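Below, each chain spelled out in residue letters.
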Amino acid sequence: MADAMLNLSSLSYAESYLPEDEIISAARERAEELGCVPIGPAGGATLRVLAAATGATNVVEVGTGAGVSGLYLMGGMAEGGQFISIDIEGEHQRAAKDAFTEAGIPATRYRLINGSAPDVLPRMRDETYDLVFVDADQTAYVVYLEQALRMLRPGGVMAFDNALWHDRVADPTQRDADTNTLRELGKTVREDKRLIPALLPVGDGLLVAAKR
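First things first, this report covers the structure right here in the doc. Model, not experiment: these values are computed from the prediction.

1. Re the environment of Thr46
Structurally, Thr46 is set in helix α3 (residues 41–53). On the basis of relative accessibility, which here comes to 19%, the residue Thr46 falls in the buried class. As a C-alpha pair, Thr46 and Gln93 span 47 residues in sequence and 22 Å in three-dimensional space. Setting aside residues no more than four positions away along its own chain, Thr46 makes contact with Leu200, Val202 and Leu206.

2. Some points on the packing of aromatic side chains
Both the distance between ring centres and the angle between the ring planes are used here to describe each pair of aromatic rings. By the definition in use, this model includes 4 aromatic pairs. By the ring-pair criterion, three or more aromatic residues cluster together here, those being Phe83, Phe100 and Tyr110.

3. A look at the sheet that holds strand β6 (residues 195–200)
In any sheet, the strands associate via hydrogen bonds between backbone groups, in a parallel or an antiparallel arrangement. Pairing is mixed in the open sheet, where 7 strands are placed in the order β3-β2-β1-β4-β5-β7-β6. Here the strands that pair on one side only, and so sit at the sheet edges, are β3 (110–114) and β6. On average, each strand axis in the sheet is tilted by 15° relative to the strand beside it, whichever way the strands run. With 5 bridges connecting them, strand β1 (residues 58–62) and strand β2 (residues 82–87) associate as parallel partners. Its bridge partner lying in β2, Val60 is registered against Ile84. Strands β1, β2, β3 and β4 (129–134) of the sheet are contacted by helix α4 (residues 68–76), whose axis makes an angle of about 165° with β1. Relative to strand β5 (residues 152–161), helix α7 (residues 141–151) is tilted by about 160°, and along the sheet it contacts β1, β4, β5, β6 and β7 (206–211).

4. Quick look at a nonpolar patch on the surface
Judged by side-chain polarity, Tyr13, Tyr17 and Leu18 come together as a nonpolar surface patch covering roughly 370 Å² of accessible area. Mapping Leu18 onto the fold places it in the loop between α1 (2–16) and α2 (22–34). Take Leu18: its relative accessible area is 39%, and that puts it in the partly exposed class.

5. Some points on the nonpolar core
Among the nonpolar cores identified, the biggest contains 31 residues, and Val60, Ile86, Leu121, Met124, Tyr144, Met158 and Phe160 are the most heavily contacted of them. Setting aside anything within four residues of it in sequence, one finds Met158 in contact with Val132, Leu145, Ala148, Leu149, Leu152, Leu195, Leu207, Val208 and Ala209. Within the second largest apolar cluster, 28 residues are counted, among which are Ala27, Ala51, Met77 and Phe83.

6. Considering α2
If you check α2, its first and last C-alpha atoms are 18 Å apart, about what 13 residues at 1.5 Å a residue would give, namely 18 Å. Packed against the buried residues of α2 are α4 and α5 (90–102). For α2, the N-terminal cap is Asp21; the gap from its side-chain oxygen to the backbone nitrogen of Ile23 is 3.1 Å. Two residues or fewer past α2, Gly35 is found with a positive phi of approximately 80°.

7. Focus on the packing of α2 against α5
Following both chains from N to C, one finds α2 and α5 inclined at 165°, their axes separated by 10 Å at the closest point. Relative to α5, the element α2 lies roughly antiparallel. Every pair of crossing elements has a handedness; the one defined by α2 and α5 is right-handed. Contacts between α2 and α5 involve Ile23, Ala26, Ala27, Arg30 and Leu34 from the former and Glu91, His92, Ala95, Asp98, Ala99 and Glu102 from the latter. Its residues assigned to classes, the contact of α2 with α5 comprises 6 nonpolar, 1 polar and 4 charged.

Criteria and cut-off values
Residues numbered from 1 in each chain as written. Predicted model: local features only at pLDDT ≥ 70, side-chain atom pairs only at ≥ 80, totals over all residues. Heavy atoms only, no water. Helix = DSSP H or I, 4+ residues; strand = E, 2+ residues; numbered from the N terminus. Buried < 20%, exposed > 50% of the residue type's maximum accessible area, 1.4 Å probe, protein only. Contact = heavy atoms within 4.5 Å. Phe/Tyr/Trp six-rings, centres within 6.5 Å; stacked < 30°, edge-to-face > 60°. Pairing = 2+ DSSP bridges. Axes fitted to C-alpha atoms, helices over the stretch in contact; angles between N-to-C directions. Patch = residues over 30% accessible without salt bridge, like charges linked within 9 Å, V, L, I, M, F, W, Y side chains within 5 Å. Areas by Shrake-Rupley, 256 points an atom, 1.4 Å probe, with all protein chains shown as cover. Salt bridge = Lys/Arg side-chain N within 4 Å of Asp/Glu carboxyl O. Core = buried A, V, L, I, M, F, W, Y, C linked by side-chain atoms within 4.5 Å. Expected span 1.5 Å × (residues − 1). Polar contact = N/O pair within 3.5 Å; in protein donor to acceptor, adjacent residues only side chain to side chain. Parallel < 35°, antiparallel > 145°, perpendicular 65-115°, else oblique. Left-handed = near helix turned anticlockwise from the far one by under 90°. Nonpolar A, V, L, I, M, F, W, Y, C, P; charged D, E, K, R; others polar.

This is the structure in structure tokens:
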């Protein structure tokens, strides 16, 4: 029990390790008002590191939310990099645009596409993008995986949020559709020889993989 309590304390410490600035905090508040759940602070910081480590100049996000993850991603991207975010909810994208404006990010650095990601992604170029981040409808994660593999350059990175899904993925008694989909996603990524994966226990779980 003591070990479990220590683990929870450590996870909580990791989430609060890097305080969020006022702009990200405001974006998170807008997300709560809109009823969307953005990536947590530790997950966001991880995305920022991944963007910086890959020298990302071309990033695609599926699931704009209210701009929290976009702020983190653009915070790690190379100067002049292009960020694309896809979401079917126009109100969410308007909130994200407000957040980006508050952060002083020029409109030329990002593109918000209002539409269904399974329809939009196939029109994007092969092996062009440095990072693909997905935080959207879990039932379509397999589709997003296939598209990310096609779109990423060798050495590029994909990341899927909610990969542990409220501790349900690790519990074999949980067999609802979303949990099963995320469980299968993890297995597929782990077994794909084209990928170098890791499952990070930050926030609700971040499944990351580099394309060989």
